[in-house]
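Chain by chain, the residues run as shown.
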Amino acid sequence: MSHPKHTVEKIGGTSMSRVHELRDTLFIGDRKGAEIYGRIFVVSAFSGITNLLLEHKKTGESGVYARFANADNDHGWLEALDTVATAMVAAHEKVLEHPADLAQAASFVKDRIDGSRNCLIDLGRLCSYGHFRLSDHMLAMREMLSGLGEAHSAFVTTLMLNRSGVDARFVDLSGWRDEGHPDLDQRLTEGLTGIDLTTEMPIVTGYAQCTEGLMKEFDRGYSEVTFSRLAALTGASEAIIHKEFHLSSADPNLVGQDAVRKLGHTNYDVADQLSNMGMEAIHPKAAKVLRQNEIPLRVTNAFEPNDPGTLIDDKPAQTPRVEIVTGLDIIALELFEQDMVGVKGYDAAILEVLTRHEVRIISKVSNANTITHYVDSSLKVMRRVEKDLNKIYPAAKVSARPLAMASVIGRDLHGLSALSRGLNAIAASGREALGATQGPRNVDVLFILERDDLKPVITALHGEFVSATQPSIQSAA
């Protein structure tokens, strides 16, 4: 599937809730006639909708899926589904103005919500028989529910653009009432069949139903997988992610808006390190697709349409420098065994246990008789990991300790003495690094800290490494 020179662009959920503001800037702006087209937009659900459909991404508060799965009571999930319907209507009432559009959007919500309700009721009845287990259908149900949000936002955006004179086309990849079972590439190809990118603007759902099951591997990161694969399949000249902020040298809430610098240009190595630190510019699997197909990624601030944002490609840095300082809370899992020295197999056993409990590993250090994994998990999960490891190695001392990790990242850190300068900056701030590591590839340095020290250390490291001569985001805008 190939098309004339075009871009594939993704809009995140927070930005989607202000999509009406983007109508006259991002979608249309100063463009006239054919200049409006040549762009495929992949959209997320309106902000908060997926949380209501599944569960809250940060707090874990139960949505429709979680309530149905946990069977809190017979009516809990029904009430949650009604809450979703109300929230969807409230979201599109902020975006649409014309009564006919509002009526179509309300009808769309009713059809999808009613269909989902009937499906879940039927599933509950089916699984009341001993031959059918609810657990066998939970992933399919999660997929179905997640697709509701993107279908709604894409449909509403299409209505809004059509009303403004743009020939936008709703491309529903959610598989709603579809009897076919295509793989992802087939689903994407079928979705764009018959669309002329020179005269039409596809508004594509971020969720795509396919035999691979996007949520099985990517869960809430599925929209970026759809986005990247669509860019690869269509031979896009550039893939663009529109966020509500610039990709900058640190969190402006920590170091100050005047202090942060827009990255402007970086590469996929840095993007991967950011993902490892839980600060995704793009899902690492989606980045891999773009990288392998030699498609550059641009990350922009959706509400500053004249700013080119940050370009991510495979090019090396022209000069060594630290580009970003970030950090996250971690847990240090330490296994000490006096008899470990010279004996193989300890690390393999630890990795097996961590994999089984779905614990994400950030980094690892070891010496003669100690292996420490720095992981992104909860203490509750780590207690189970400790228990399993104690069974395997009863003579070992296993502990899990809450800590934090700060990192300075750049395409090329050669010659910067980043490790020693970072330690000195931390000491000068009155804090202490419990550990630090730097690999020979020189793209990042990690500092292990007490959790209370993370924020002031990020500020100290940013002050040390980010050049005052670089234009700030405010002055560059």
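The shown structure was predicted, so the numbers you read here are calculated from the model rather than taken from an experiment. (Residues numbered from 1 in each chain as written. Predicted model: local features only at pLDDT ≥ 70, side-chain atom pairs only at ≥ 80, totals over all residues. Heavy atoms only, no water.)

Engineer: So what's going on with the sheet that holds strand β12 (residues 397-409)? Which residues, and what values?
Structural biologist: Strand order in the open sheet formed by six strands is β10-β11-β9-β12-β14-β13, and the pairing between neighbours is antiparallel. Of all the strands in the sheet, just β10 (360-366) and β13 (435-438) have a single pairing partner and so form its edges. Neighbour to neighbour, the strand axes of the sheet diverge by 30° on average, direction disregarded. With four bridges joining them, β13 and strand β14 (residues 444-449) adopt antiparallel strand pairing. Looking across to β14, one finds that Q438 is bridged to V445. Helix α14 (residues 346-356) rests against β9 (324-336), β10 and β11 (370-376) of the sheet, and its axis sits at about 20° to β11. (Pairing = 2+ DSSP bridges. Helix = DSSP H or I, 4+ residues; strand = E, 2+ residues; numbered from the N terminus. Axes fitted to C-alpha atoms, helices over the stretch in contact; angles between N-to-C directions. Contact = heavy atoms within 4.5 Å.)

Engineer: Go over helix α10 (residues 222-234), please, and point to the residues and values.
Structural biologist: In an α-helix, one turn spans 3.6 residues, which is why side chains three or four residues apart end up on the same side. End to end, α10 covers 18 Å across 13 residues, agreeing with the expected 18 Å (1.5 Å per residue, within 8%). Counting buried positions along α10 gives 12 out of 13 residues, so the element sits mostly inside the fold. In the segment just after α10, G235 is the residue with positive phi, at about 65°. (Expected span 1.5 Å × (residues − 1). Buried < 20%, exposed > 50% of the residue type's maximum accessible area, 1.4 Å probe, protein only.)

Engineer: Quick one: what's the story with helix α2 (residues 19-27), residue by residue and with numbers?
Structural biologist: Taken residue by residue, α2 has V19, L22, R23, L26 and F27 as its buried positions. Angularly, the buried residues of α2 cover 125° about the axis, an arc narrow enough to put them on a single face. Phi turns positive, to about 60°, at G29, one or two residues after α2. (Arc of directions from axis to C-beta.)

Engineer: Which residues make up the sheet that holds strand β6 (residues 265-267), and what are the values?
Structural biologist: As summarised here, the arrangement of the eight strands in space is β3-β4-β2-β1-β5-β7-β8-β6, forming an open sheet in which the pairing is mixed. The open sheet terminates on both sides in strands that have one partner only, identified here as β3 (168-171) and β6. For this sheet, the mean inter-axis angle between neighbouring strands, taken without regard to orientation, is 25°. Where strand β5 (residues 238-243) meets strand β7 (residues 297-301), five bridges bridge the pair, whose relative direction is parallel. Residue pairing for β7: H242 is matched across the bridge by T300.

Engineer: Explain the environment of E280 residue by residue, including any values.
Structural biologist: Tracing the backbone through its elements, the reader meets E280 in the loop between α12 (268-276) and α13 (284-292). In contact with E280, not counting residues within four places along its chain, are E224, K243, L274 and S275.

Engineer: Describe the side chain of R411, listing the residues and the values that go with them.
Structural biologist: Structurally, R411 is set in the loop between β12 and α16 (418-428). Given the relative accessible area of 13%, R411 is considered buried. Among the polar contacts made by the side chain of R411, one reaches the main-chain carbonyl oxygen of H265 at a distance of 3.0 Å. Of the polar contacts made by the side chain of R411, one reaches the side chain of E323; its length is 2.8 Å. Beyond its immediate chain neighbours, meaning those up to four positions away, R411 contacts H265, T266, N267, V270, K315, P316, A317, R321, E323, N442 and V443. (Polar contact = N/O pair within 3.5 Å; in protein donor to acceptor, adjacent residues only side chain to side chain.)

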